[in-house]
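Read off the chains here:
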Amino acid sequence: MASNHSINFGEPVTYNGKAESLALKYRRFVCRVTKRDSFTFRWKPLGEDAQLTSWRPFLCSEVAVDDEANFLLSCEVNLPEESANEVHEPLDAASSWRIKKRIVHPGEVNRTRPLNHRITVSLGDKKDELEDVSSRCIYLWNWDNQPNRQPGERSLSLPDAELKTQCELGEFCLNALTLDSGVSVVGSGGGKEEEGHVAIWRINHGNMTSSKPKSERDFFRKNISKVEDLSFFSRNEGQEFVTVSTNGELTYWDMRDNQAISGMVEKSHDGADANCVDSCPGNEFFVATGGADGVVKVWDQRRSAIALHAFAVPQNNEQIYGVQWQKLRGSSADADPSSILATNSDSGTVVIWDLRKATAKSRVDVGLVSSGIGCNHAMLRHYGLADLKVWELDWSVYGDNPWLVGNVAGRTPKGSFFRIWEPSVGIRCSPMQQRNAIDKQLLMNE
C-alpha cells in the first residue's frame with residue numbers, strides 16, 4: 001500500500017517552462033492509481049437521513065484481468081476540509097479511500113448511474129457461454145440486497161432486475177433521471193448505422209424486485225443513425241429527452257407525442273460524429289454536445305438550428321467523450337450552473353468551460369481549466385498526457401461543495417487513474433475577478 005504524498009500549494013512548480021503555483025488552478029486535488037481498468041465514475045447521493053461527513057460515496061468499476069471477475073464497486077473517499085489546498089498523490093491509504101461493497105458484475109461495467117442512495121443501474125457486456133456471443137445488458141442493483149463479495153470471488157452476483165430491449169445497445173449509452181415521485185426514468189440507445197434505436201424504462205423504486213421491469217417505449221427510426229448518448233430533460237416527468245448519433249444528428253424526443261421526434265439538427269458537428277449530450281439542469285432548454293471534431297456546442301431547443309456557443313478543445317485531433325453541466329450552485333457569488341460545463345476527451349484532458357467568458361473580450365475558444373491526467377504530480381508540469389483517455393467525469397451532487405469533480409482515465413489495459421479535484425476560488429469567479437486574482441498571485445510569486 002503506497003503512502004500519501006503532499007505538495008504545498010504555494011510551492012512553485014515547472015509548467016510549460018515557467019514557474020507557477022498550483023493554487024492558481026486547484027483548491028483540492030487527490031488521486032488514486034489502480035491496476036485494473038475502469039470506465040465509469042459517478043458520485044452517489046446520500047440517503048435522506050444521512051449526515052453529511054467528510055466521507056463522500058461514489059460508484060466505479062474494475063474490469064476483469066485474465067480469469068478474475070468484473071466488479072461494480074460502491075466506494076467512499078475522505079475529503080476533510082482541512083485537506084483543501086493540498087495535493088495528495090497517490091491516495092491509497094485505507095484512511096482516505098475505501099471500498100464499501102463489491103458486486104460481481106456479469107461482464108465489464110461500461111456505465112453506471114445511481115437512481116438513489118440504494119439503487120443503481122449499470123450497463124455492461126453479457127456473454128452467452130453456450131452461443132459464445134456477447135451482448136450488452138442493463139441491470140438494476142439494490143445495494144441493501146446485495147452481499148459484499150471478496151476480490152477473489154468469481155460467481156456472479158444476482159441483479160435485482162434486468163432491463164430488456166429488442167436491439168443492441170451502445171457501448172456507453174446509459175442515463176437516468178430520478179423524479180420526486182420516487183420513480184426513475186432510465187434510457188439507453190444504439191442500433192445500426194442506418195437505424196437508430198432508443199429504449200426507455202420507468203422504474204418504481206418501491207416494487208422493482210416484485211416484477212421484472214419492461215421497456216415502456218422502444219423507438220426505432222430509420223431516419224436517424226446509431227444512437228451514441230442520451231439525456232433526459234427534468235421537465236414533464238421525464239417524458240422528454242435528447243439524443244446524439246454517429247452521423248452528428250441531435251434529436252429531441254417527446255414521448256407524449258405519437259411521432260416521438262419533436263425536433264432535429266441533422267449535422268450538429270458539421271459532419272463529424274456526435275459522441276455525447278447533456279441537458280442543462282439550470283436552464284430547461286439548454287443542451288450541450290461534444291463531438292469527434294473536438295468541439296463542444298451549446299444549443300437552445302427553442303432555436304435549435306444554430307448553436308449558441310461553440311468551443312474547441314486545446315489540442316488538435318481530439319475527440320470529446322463526455323460533456324456535463326454543473327449540477328448545483330454553491331453560494332450566491334458562484335456562477336449560475338447554466339453557465340458552467342465540463343468535457344472529457346481522449347487526450348487525457350478535462351476542460352471546464354465558462355459561458356460567461358463568451359461575452360467577455362477575452363478569448364472564448366479555450367477552456368477555463370484544462371487538466372491532464374497522469375500517474376503522478378508531474379502531470380501538472382506537462383499539462384496532460386497524450387496517451388490517456390478520460391472515460392468519464394462527474395460533477396458533485398453535494399450541496400456543500402458543488403465544484404468538486406471526479407473523473408477516471410486510463411489507457412487500456414494499463415489500469416486506471418482516478419482524480420478528484422476542485423478548481424481554486426480564483427478560477428471559479430467571473431472573468432474580470434479571475435484575471436485580477438491571477439495577476440495578484442503571479443506578483444506574489446515573483
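Placed above this text is the structure.
Keep in mind that this is a model prediction, so the values were computed, not measured.

S.K.: Can you help me understand the pairing of strand 19 (residues 240–245) in this one?
M.R.: Along any regular strand, the residues point their side chains to alternate faces of the sheet. When you tally the buried positions in strand 19, you get six out of six residues, the bulk of the element. The alternating pattern of strand 19 places Glu240, Val242 and Val244 on one face and Phe241, Thr243 and Ser245 on the opposite face, and all of these are buried. Alignment of strand 18 (residues 227–232) against strand 19, held across five bridges, turns out to be antiparallel. The residue of strand 19 that forms the bridge with aspartate 229 is valine 244. For strand 19 and strand 20 (residues 250–254), the ladder comprises five bridges, and the chain directions are antiparallel. Its bridge partner lying in strand 20, phenylalanine 241 is registered against tryptophan 253. Where strand 19 folds back on strand 20, the antiparallel hairpin that results is connected by four residues, among which glycine 248 adopts a positive phi of roughly 95 degrees.

S.K.: Just checking my understanding: could you explain the packing of aromatic side chains for this structure?
M.R.: Any two aromatic rings considered together are summarised by their centre-to-centre distance and by the angle between their planes. Scanning the entire structure with this criterion turns up 20 aromatic pairs. Taking the centre distance of 5.0 Å and the plane angle of 70 degrees together, the rings of phenylalanine 58 and tryptophan 97 count as edge-to-face. Of the two residues, phenylalanine 58 is situated in strand 6 (residues 55–62) and tryptophan 97 in strand 9 (residues 97–105); the sequence distance between them amounts to 39 residues. You can call phenylalanine 58 buried: its relative accessible area is 0%. Exposure remark for tryptophan 97: the relative accessible area of 7% places this residue in the buried category. Seen in terms of ring centroids, phenylalanine 219 and phenylalanine 241 are 6.3 Å apart; in terms of plane orientation they differ by 45 degrees. Their pairing is tilted. Of this pair, phenylalanine 219 sits in strand 17 (residues 217–221) while phenylalanine 241 sits in strand 19, and the two are 22 residues apart along the sequence. According to the relative accessible area criterion, phenylalanine 219 is buried, its value standing at 3%.

S.K.: I'm lost on the sheet that holds strand 25 (residues 309–312) in this one. Help?
M.R.: Remark on secondary structure: sheet strands pair via backbone hydrogen bonds, oriented parallel or antiparallel. The four strands are arranged 22-23-24-25 in an open sheet whose pairing can be described as antiparallel. Each end of this open sheet is capped by a strand with a single partner; those strands are strand 22 (274–279) and strand 25. Averaged over all adjacent pairs, the angle separating strand axes in this sheet is 20 degrees, with direction ignored.

S.K.: Just checking my understanding: could you explain the nonpolar core for this structure?
M.R.: Soluble globular proteins tend to pack their nonpolar side chains together in the buried interior. Counting residues in hydrophobic clusters, the biggest one holds 21 residues, and the most contacted among them are Phe41, Trp43, Phe58, Val77 and Ile420. Those elements that place two or more of their residues in this core are strand 6, strand 7 (70–78), strand 9 and strand 32 (416–423). Not counting the four nearest positions on each side in its chain, phenylalanine 58 is found in contact with Phe41, Arg42, Trp43, Lys44, Leu73, Ser74, Cys75, Glu76, Val77 and Trp97.

S.K.: How do you make sense of the side chain of threonine 243 when you look at a structure like this?
M.R.: Tracing the sequence through the fold places threonine 243 in strand 19. Judged by its relative accessible area of 0%, threonine 243 falls in the buried class. A distance of 2.9 Å separates polar atoms of two side chains, one belonging to threonine 243 and the other to tryptophan 253. Look past the residues within four positions of threonine 243 in its chain and what remains in contact with it is Val198, Val227, Asp229, Leu230, Glu249, Leu250, Thr251, Trp253 and Val277.

S.K.: Can you walk me through the sheet that holds strand 20 in this structure?
M.R.: Overall, antiparallel pairing links the four strands, which are arranged 18-19-20-21 in an open sheet. The open sheet is flanked by strand 18 and strand 21 (261–265), the only strands paired with a single partner. Taken over all neighbouring pairs, the strand axes of this sheet differ in orientation by 20 degrees on average, direction set aside. Taken together, the four bridges between strand 20 and strand 21 define a ladder with antiparallel strand orientation. Bridge pairing in strand 21 links tryptophan 253 to isoleucine 261.

S.K.: What is the right way to look at the pattern of salt bridges in this model?
M.R.: Opposite charge on two side chains permits them to pair, given that their charged atoms come into close proximity. Overall, the coordinates contain 22 salt bridges when judged by the stated rule. Aspartate 394 is paired through a salt bridge with arginine 42; the nearest N and O atoms lie 3.6 Å apart. Taken as a pair, aspartate 394 in strand 30 (residues 389–395) and arginine 42 in strand 5 (residues 42–43) lie far apart in primary sequence, 352 residues in all. The same class applies to aspartate 394 as to arginine 42, namely buried. Here arginine 302 makes a salt bridge to aspartate 300, at a shortest N to O gap of 2.9 Å. With a relative accessible area of 48%, arginine 302 lands in the partly exposed category. Its relative accessible area of 0% is what places aspartate 300 among the buried residues. Each of Arg42, Arg111, Arg113, Lys327, Glu392 and Asp394 takes part in a single network of salt bridges with overlapping partners.

S.K.: In this structure, what is going on with the pairing of strand 16 (residues 195–204)? I would like to understand it.
M.R.: For strand 16, the buried fraction is high: seven of the ten residues fall into the buried class. Across ten bridges, the pairing between strand 15 (residues 183–192) and strand 16 is antiparallel. For valine 185, the partnering residue across the bridge sits in strand 16 and is arginine 202. The turn linking strand 15 back onto strand 16 is made up of two residues.

S.K.: Looking at this model, I keep getting lost on the environment of valine 405. Mind explaining?
M.R.: Mapped onto the elements, valine 405 comes out in strand 31 (residues 405–410). In this structure valine 405 comes out as buried when scored by relative accessible area, which is 1%. Sequence spacing of valine 405 and alanine 342 is 63 residues, and the spatial spacing of their C-alpha atoms is 9.3 Å. When neighbours within four sequence positions are excluded, valine 405 is seen to be in contact with Trp43, Asp394, Trp395, Arg419, Ile420 and Trp421.

How each quantity is defined
Residues numbered from 1 in each chain as written. Predicted model: local features only at pLDDT ≥ 70, side-chain atom pairs only at ≥ 80, totals over all residues. Heavy atoms only, no water. Buried < 20%, exposed > 50% of the residue type's maximum accessible area, 1.4 Å probe, protein only. Helix = DSSP H or I, 4+ residues; strand = E, 2+ residues; numbered from the N terminus. Pairing = 2+ DSSP bridges. Phe/Tyr/Trp six-rings, centres within 6.5 Å; stacked < 30°, edge-to-face > 60°. Axes fitted to C-alpha atoms, helices over the stretch in contact; angles between N-to-C directions. Core = buried A, V, L, I, M, F, W, Y, C linked by side-chain atoms within 4.5 Å. Contact = heavy atoms within 4.5 Å. Polar contact = N/O pair within 3.5 Å; in protein donor to acceptor, adjacent residues only side chain to side chain. Salt bridge = Lys/Arg side-chain N within 4 Å of Asp/Glu carboxyl O.

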